[in-house]
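Tertiary structure, described
The chain contents come next:
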Amino acid sequence: MSRLSKNDHGITEYRMVIRRGDLVSTPSSLSVGSASPAIATLDGSGKGQGQIYRVAPDVEAGFATAANPVRPGESILIVATGLGPTNPLVDEGKAVVAESRVGATGDVRVRIGNVLATDVSAWLVPGQIGLYFVSAAVPMDVSLGDAMPVVVAANGVESQVVTIAVQAAITPSARRVR
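Residues numbered from 1 in each chain as written. Predicted model: local features only at pLDDT ≥ 70, side-chain atom pairs only at ≥ 80, totals over all residues. Heavy atoms only, no water.

Here we take up the pattern of salt bridges. What the rule picks out here adds up to 3 salt bridges. One salt bridge connects Arg54 with Glu74, and the closest N-O pair in it is separated by 2.8 Å. Linking Arg54 in strand E6 (residues 52-55) with Glu74 in the loop between strand E7 (62-63) and strand E8 (75-81), this pair joins segments that are 20 residues apart in sequence. Just as Arg54 is buried, Glu74 falls in that class too. Between Arg111 and Glu158 there is a salt bridge, and its shortest N-O distance comes to 2.9 Å. One end of the pair, Arg111, is in strand E11 (residues 108-112); the other, Glu158, is in strand E16 (residues 157-158), with 47 residues separating them in the sequence. For Arg111, a relative accessible area of 25% translates into the label partly exposed. (Salt bridge = Lys/Arg side-chain N within 4 Å of Asp/Glu carboxyl O. Helix = DSSP H or I, 4+ residues; strand = E, 2+ residues; numbered from the N terminus. Buried < 20%, exposed > 50% of the residue type's maximum accessible area, 1.4 Å probe, protein only.)

Set out below in structure tokens:
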């Protein structure tokens, strides 16, 4: 059972009973959290390559795959859901208008490999319902590889693990044409 519900009463647990005809289940506890983050993936499976854009100067924005890896110090933009309350509050089932920036109010963190990203911010995607962009800077000391793990945490609750390609930074001497 899954249900998105506004939880503005501070309630963290409900008692649930299921009835079917004359049959009644025993009461069960149903915990409610302030966030339930998930990162979108390219194939929609919730596993593998995340819907994570590489945002870098002089590079056309695109997904951070092995063919277009991010580099330490560059920015990424992660597509996610379930990051919790926003400011200002948005009515359930309503899209955010393009002119407004509605940020997540909770503590949002991004981990690439075993390193926390810096300059993290999260906001609702204009024109969409319940979809967030999470912006972060790739740490300078991140491990390199074609499938580095990425996790978004909101209010201490972690998303599933997805992957991103990270390549060594290009040094100024490597940019020179000989």
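Structure's up, so let's keep going.
We now examine the nonpolar core. Among the nonpolar cores identified, the biggest contains 30 residues, and Ile76, Ile78, Val110, Ile112, Val150 and Ile164 are the most heavily contacted of them. At the level of secondary structure, the elements contributing two or more residues to this core comprise E8, E11, strand E13 (118-124), strand E14 (131-137), strand E15 (145-154) and strand E17 (162-166). Per-element tally for this core: the top contributor is E15, with 4 residues. (Core = buried A, V, L, I, M, F, W, Y, C linked by side-chain atoms within 4.5 Å.)

This next bit is on the side chain of Gln49. Within the secondary structure layout, Gln49 lies in the loop between strand E5 (38-39) and E6. At 3.0 Å, the side chain of Gln49 forms a polar contact with the backbone oxygen of Ala64. Apart from residues no more than four positions distant in its own chain, Gln49 is found in contact with Thr41, Leu42, Ala64, Thr65, Thr163, Ile164 and Ala165. (Polar contact = N/O pair within 3.5 Å; in protein donor to acceptor, adjacent residues only side chain to side chain. Contact = heavy atoms within 4.5 Å.)

The buried fraction of E17 amounts to 5 of the 5 residues, a majority that puts the element mostly inside the structure. Burial of E17 is two-sided: the residues Val162, Ile164 and Val166 facing one way and the residues Thr163 and Ala165 facing the other way are all buried. With 4 bridges connecting them, E15 and E17 associate as antiparallel partners. Pairing of Gly145 across the sheet is with Val166, part of E17. (Pairing = 2+ DSSP bridges.)

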